[in-house]
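Chain residues, written in single-letter form:
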Amino acid sequence: MTDVLAVTDHRRGELRDVSYELITAGRSLADETGGDLHLAVISGTVDDFADKLNREGVDAIHTVPYGEEFNHDVYTQAITQLYDELAPQYVLTPNSVNGLDYAPAVANALDLPVVTDTIGLETDGETLIATREMYGSKVETTNELENNAVVTIRSAEWPAAEGTGDATIDAFDADIDEAAIGSTVSGFEEVGGGDVDISEAELLVSIGRGIEEEENLDLIRDLADALGATLSSSRPIVDNGWLPKNRQVGQSGKVVTPDVYIAIGISGAVQHVAGMKGSDTIVAINTDPNAPIMDIADYAIHDDLFDVVPALIDEFQ
């Protein structure tokens, strides 16, 4: 019987969706190992976060009330000390900016192997089988890790845990060495077109090469306004300088998981699909019925976007 420790993620006072997905991934793994699922909640309003994370499948939640924002050194120290206290077999973290920051450091401190960006996890006795994608999601590979390991999971690959749980919630008395903390957060400043975070949007209207000219973006903006949606794009639009980098969806942009993703004039290259395939509902508008985006769309509209978009604006204004 071996346990799983999952480290939750928050930013600017809000829990990230991947925290709830970690519960599902961790619970499934704990069921296979016959152990318990422990959550670590580090920094921020930990008591409030713990209440929100107390969902079905969680056995224990350990809070570390140290600081308000993410700090590499605090997380690394807290997680390694929790590992020594709980002796879990696996440590799960989000494959987020924060998770990729501290996961290798934790693995190094604990002398454990680390595998990142996993989309599937299962065990075979003492062996962890972690599935990853390579070559722009064209190939799936499996990595076999013996005994204990640190693993980061990709967001939107596991459903968010639901229901109300009955986990024990305890404050963990981490012995944080302040002399070893090399940085602190003094504030936040939005730069480089950081007006929105498309990864947090519930409804995205996304545009690709099919828009043809920059002036035609006004038409798409009108649709986004009519729907109350956020505007995003594929890489060519950003490369052309028509939208800032923070609006790009895909492997070299951001991974998004909105309730609805409307892809307009986007062919569906694997790099783009990797960033939006976790959307609940995908609507594709394209003149090419054989475009790859049409294969993954829940609703595919085979027509000219310059005819379809004005009709949609009229409908929703």
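Look up a bit, the structure's there.
All of these numbers come straight from a predicted model, not from anything done at the bench.

Conventions used here
- Residues numbered from 1 in each chain as written.
- Predicted model: local features only at pLDDT ≥ 70, side-chain atom pairs only at ≥ 80, totals over all residues.
- Heavy atoms only, no water.
- Helix = DSSP H or I, 4+ residues; strand = E, 2+ residues; numbered from the N terminus.
- Contact = heavy atoms within 4.5 Å.
- Salt bridge = Lys/Arg side-chain N within 4 Å of Asp/Glu carboxyl O.
- Buried < 20%, exposed > 50% of the residue type's maximum accessible area, 1.4 Å probe, protein only.
- Pairing = 2+ DSSP bridges.
- Axes fitted to C-alpha atoms, helices over the stretch in contact; angles between N-to-C directions.
- Arc of directions from axis to C-beta.
- Parallel < 35°, antiparallel > 145°, perpendicular 65-115°, else oblique.
- Left-handed = near helix turned anticlockwise from the far one by under 90°.
- Nonpolar A, V, L, I, M, F, W, Y, C, P; charged D, E, K, R; others polar.

Visitor: Help me understand the environment of Ala-263, please; the structure alone is not making it clear to me.
Guide: One can find Ala-263 in strand 15 (residues 260–264). Residues Ala-263 and Ala-300, spaced 37 residues apart in sequence, show a C-alpha to C-alpha distance of 9.6 Å. Residues contacting Ala-263, with those up to four places away along its chain left out, are Ser-206, Val-283, Ala-284, Ile-285 and Ile-293.

Visitor: Would you mind showing me how to read the environment of Leu-128 here?
Guide: On the secondary structure map, Leu-128 appears in strand 9 (residues 127–134). A C-alpha to C-alpha distance of 6.4 Å links Leu-128 and Glu-146, two positions 18 residues apart in sequence. Once you skip the residues sitting within four places of it in the chain, Leu-128 turns out to touch Leu-29, Tyr-90, Leu-121, Glu-122, Thr-123, Asn-143, Glu-144, Leu-145, Ala-149 and Val-151.

Visitor: Any chance you could explain the pattern of salt bridges here in plain terms?
Guide: It is possible for side chains bearing opposite charge to pair when their charged atoms get close. Going through the model one piece at a time under the given rule, you end up with 12 salt bridges. One salt bridge in this structure joins Asp-31 and Arg-27, with 3.0 Å as the shortest N-O distance. One end of the pair is Asp-31 and the other is Arg-27, both in helix 1 (residues 17–33) and four residues apart, which spans about a single turn. On the accessibility criterion, Asp-31 (52% relative accessible area) is exposed.

Visitor: Looking at this structure, how should I read the sheet that holds strand 14 (residues 230–233)?
Guide: Think of a sheet as strands paired side by side through backbone hydrogen bonds, with each pair either parallel or antiparallel. With respect to topology, five strands assemble into an open sheet ordered 14-13-15-16-17, the strand pairing being parallel. If you trace the sheet from one side to the other, it starts and ends with strand 14 and strand 17 (299–302), each paired once. Strand-to-strand twist of the sheet, defined as the mean angle between neighbouring strand axes without regard to direction, takes the value 20 degrees. Against the sheet, helix 5 (residues 217–227) contacts strand 13 (203–207), strand 14 and strand 15, and its axis sits at roughly 170 degrees relative to strand 13. Of the strands in this sheet, strand 15, strand 16 (281–286) and strand 17 touch helix 9 (residues 305–316), which is tilted by about 130 degrees from strand 16.

Visitor: Whenever I open this one, helix 5 confuses me. Can you help?
Guide: Helical geometry note: an α-helix holds 3.6 residues per turn, so side chains three or four residues apart project in the same direction. Where helix 5 is concerned, the buried positions are Leu-217, Ile-220, Leu-223 and Ala-224. In a view along the axis of helix 5, the buried residues occupy a sector of 115 degrees, so they form one face of it. At its buried positions, helix 5 is contacted by strand 13, strand 14, strand 15 and helix 9.

Visitor: Please explain the sheet that holds strand 10 (residues 139–146) as it appears in this structure.
Guide: Spatially, the three strands line up as an open sheet ordered 8-9-10, and their pairing is antiparallel. The open sheet has two edge strands, strand 8 (120–124) and strand 10, and neither has a second partner. In this sheet, adjacent strand axes meet at a mean angle of 25 degrees when their direction is disregarded. Across eight bridges, strand 9 lies against strand 10 in antiparallel orientation.

Visitor: Please clarify how the packing of helix 3 (residues 72–86) against helix 4 (residues 97–110) should be interpreted in this entry.
Guide: Each pair of packed helices can be described by the angle between their axes along with the distance between the axes. Packing of helix 3 against helix 4 leaves a shortest axis separation of 9 Å and a crossing angle of 45 degrees. When the interaxial angle is binned, helix 3 and helix 4 end up oblique. For the element pair helix 3 and helix 4, the recorded crossing hand is right-handed. Across from His-72, Tyr-75, Thr-76, Ile-79, Thr-80, Tyr-83 and Asp-84 in helix 3, the residues of helix 4 making contact are Asp-101, Tyr-102, Ala-105, Val-106, Ala-109 and Leu-110. Of the residues belonging to the contact of helix 3 with helix 4, the class tally is eight nonpolar, three polar and two charged.

Visitor: Mind showing me how you'd approach the side chain of Thr-123 here?
Guide: Structurally, the position occupied by Thr-123 is in strand 8. Sequence-distant contacts of Thr-123, that is, excluding residues within four places in its chain, are made with Leu-29, Glu-32, Thr-33, Tyr-90 and Leu-128.

Visitor: When you look at the packing of helix 5 against helix 9 in this model, what are you seeing that I'm missing?
Guide: With their axes 9 Å apart at the nearest point, helix 5 and helix 9 run at an angle of 30 degrees to one another. The angle between the axes of helix 5 and helix 9 places the two elements in the roughly parallel class. The handedness of the crossing between helix 5 and helix 9 is left-handed. Here Leu-219, Ile-220, Asp-222, Leu-223, Ala-226 and Leu-227 of helix 5 come into contact with helix 9, specifically with Phe-306, Val-309, Pro-310, Leu-312, Ile-313 and Phe-316. Classifying every residue of the contact of helix 5 with helix 9 gives 11 nonpolar, no polar and one charged.

Visitor: Any chance you could explain unusual backbone geometry here in plain terms?
Guide: The general pattern is negative phi for most residues beyond glycine and trans for most peptide bonds. One non-glycine residue, Arg-12, adopts positive backbone phi at about 50 degrees. One can find Arg-12 in the loop between strand 2 (10–11) and strand 3 (14–15). Phi at Ser-43 takes a positive value of approximately 70 degrees, unusual for a residue other than glycine. Checked against the element boundaries, Ser-43 lands in the loop between strand 4 (37–42) and helix 2 (46–53).

Functional significance is not addressed by these values, which are geometric in nature.
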